[in-house]
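Chains, contacts and geometry: an overview
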Amino acid sequence: MKLGIEIGAFGPDNREVLTEWVRHADRLGVDLAFSAEAWWSDAFTPLAWLADKTERIRLATGIVQVTARTPAMTAMSALTLHDLTDGRFVLGLGASGPQVV
C-alpha cells in the first residue's frame, strides 16, 4: 500500500506549517505529497519550494489542468521539477472544471 498526503493551499500565511507537514511526512516514509492547482495557486511552484526541503518523498501534481498552459510549457515545467527533485516528481494531468477553465 502507498500513502499520500495533500499539501493544500500554499501561501505566505501557512508556508512554514505546510513545509513542516511535508517534511514530517517525508521522515515518516509517506510515499507522495500532492499539490493541487486551483483558484489560489499553480501546482508546480509549491513543489519546487518543497524539492529542496525534502529527501525521499515523491512530489506530485494532482492535477495540472491541461487548458491553463501550452503542452510545451507543461512539459518544460515537468522536466524542470524532475531535475530539481532528482526524479521524485510525478505529473498528474486533467481537464479541471468549467469554472476554473
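Provided above is the structure to which this section pertains.
Overview of the structure.

Each value, and the rule that gives it
- Residues numbered from 1 in each chain as written.
- Predicted model: local features only at pLDDT ≥ 70, side-chain atom pairs only at ≥ 80, totals over all residues.
- Heavy atoms only, no water.
- Salt bridge = Lys/Arg side-chain N within 4 Å of Asp/Glu carboxyl O.
- Helix = DSSP H or I, 4+ residues; strand = E, 2+ residues; numbered from the N terminus.
- Buried < 20%, exposed > 50% of the residue type's maximum accessible area, 1.4 Å probe, protein only.
- Expected span 1.5 Å × (residues − 1).
- Arc of directions from axis to C-beta.
- Contact = heavy atoms within 4.5 Å.

This part covers the pattern of salt bridges. Tallying each qualifying case throughout the model produces six salt bridges. Ionic pairing is found between Glu37 and Arg69, a salt bridge with its closest N-O pair at 2.8 Å. Taken together, the residues span a long stretch of sequence, with Glu37 in the loop between strand E2 (32-35) and helix H2 (44-51) and Arg69 in the loop between strand E4 (64-65) and helix H3 (71-84) at a distance of 32 residues. Arg69 shares its class with Glu37; the two are buried. Through salt bridges with shared partners, one network takes in Glu20, Arg23 and Arg27.

Let us now look at the environment of His24. Considering the arrangement of structural elements, one finds His24 in helix H1 (residues 15-28). Accessibility expressed as a relative area gives 41% for His24, which makes it partly exposed. Considered as a pair, His24 and Thr54 are 30 residues apart in the sequence and their alpha carbons are 9.1 Å apart.

With 14 residues, H3 extends 20 Å from end C-alpha to end C-alpha; this agrees with the ideal 20 Å at 1.5 Å per step. For H3, the full list of buried residues reads Thr74, Ser77, Ala78 and Leu81. All buried residues of H3 fall inside an arc of 95° around its axis, so they share one side. For H3, the exposed residues lying more than 90 degrees away from the buried face are Ala72, Met76, Leu79 and Asp83. Buried residues along H3 sit against H2, strand E5 (89-90) and strand E6 (93-94). Positive phi appears at Asp86, one or two residues downstream of H3, with a value of about 55°.

This is a description of form; function is not addressed.
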